[in-house]
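Examination of the molecular architecture
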Amino acid sequence: LGHPYKDFGALESQASHTGMVARAVEALKEAGDPRGSQPLTAEDIFAAARLGEDWACKVVQQAVDNLALAIGAVATLIDPEVIILGGGISLHPDLFIEPILSRLKGVVPVQPTLAASTLGYRATSLGGILKVLDAITEHTTVSHPG
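Please read all numbers here as calculations on a predicted model, not as lab measurements.

1. What to know about the pattern of salt bridges
One pass over the full model with this rule turns up 5 salt bridges. Residues Asp 33 and Arg 35 are paired through a salt bridge, measuring 2.7 Å at the closest nitrogen-oxygen approach. Judged by relative accessible area, Arg 35 falls into the partly exposed class, the value being 30%.

Shown next, in the form of structure tokens:
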């Protein structure tokens, strides 16, 4: 029942670039493909998926399935109009947006609009910077009697 996930949890370990690379390396090693013992990136997976390589298509499909489950839960619980996909996945909307929407069709009461962030890999860093700036502003704001 309980499976320990490192870092940011189950979704991150399954749908992030790191999780996708780990699954791809495992699949390639099981198939005896020498690429399984070489450095592999998510970009390699996406390029291979676009070429129709079975191992890469399966890794992308699994990420899409996991994201669709998470997005479906969010859509059902809070009914957002738009959900923005960020990080490296946002650089490959053709591999994610339509497949996720297809999986959600008829599953959620109201299907949200999915969009890819234009921030790419910078989304996390910029979000962290904004969080720090917000915390600094909150702690350094001096109220002036008025």
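2. Brief notes about the layout of surface pockets
By volume, the largest pocket amounts to about 510 Å³. Lining the largest pocket are 17 residues, and of these Glu 12, Ser 16, Gly 86, Gly 87 and Thr 124 sit closest to its centre. Put simply, the parts of the chain that give the lining of the largest pocket at least two residues each are helix 1 (10–15), helix 2 (17–30), strand 1 (82–85) and helix 6 (122–140). With 3 residues, helix 1 is the single largest residue contributor to the lining of the largest pocket. Along the lines of polarity and charge, the residues of the lining of the largest pocket split into 9 nonpolar, 7 polar and 1 charged.

3. Some thoughts on the environment of Val 59
Considering the arrangement of structural elements, one finds Val 59 in helix 4 (residues 54–78). Given the relative accessible area of 4%, Val 59 is considered buried.

4. Quick look at a nonpolar patch on the surface
Side chains of Leu 119, Leu 126, Ile 129, Leu 130, Val 132, Leu 133 and Ile 136 sit close together on the surface and give an oily, nonpolar patch of about 600 Å² of accessible area. Inspection of the secondary structure assignment puts Leu 130 in helix 6.

Criteria and thresholds
Residues numbered from 1 in each chain as written. Predicted model: local features only at pLDDT ≥ 70, side-chain atom pairs only at ≥ 80, totals over all residues. Heavy atoms only, no water. Salt bridge = Lys/Arg side-chain N within 4 Å of Asp/Glu carboxyl O. Buried < 20%, exposed > 50% of the residue type's maximum accessible area, 1.4 Å probe, protein only. 1 Å grid on protein atoms, 1.4 Å probe; cavity = no way out; pocket = protein on both sides within 12 Å on 5 of 7 lines; lining within 4 Å. Points joined across faces, edges and corners; volume = space filled by probe spheres on them. Helix = DSSP H or I, 4+ residues; strand = E, 2+ residues; numbered from the N terminus. Nonpolar A, V, L, I, M, F, W, Y, C, P; charged D, E, K, R; others polar. Patch = residues over 30% accessible without salt bridge, like charges linked within 9 Å, V, L, I, M, F, W, Y side chains within 5 Å. Areas by Shrake-Rupley, 256 points an atom, 1.4 Å probe, with all protein chains shown as cover.

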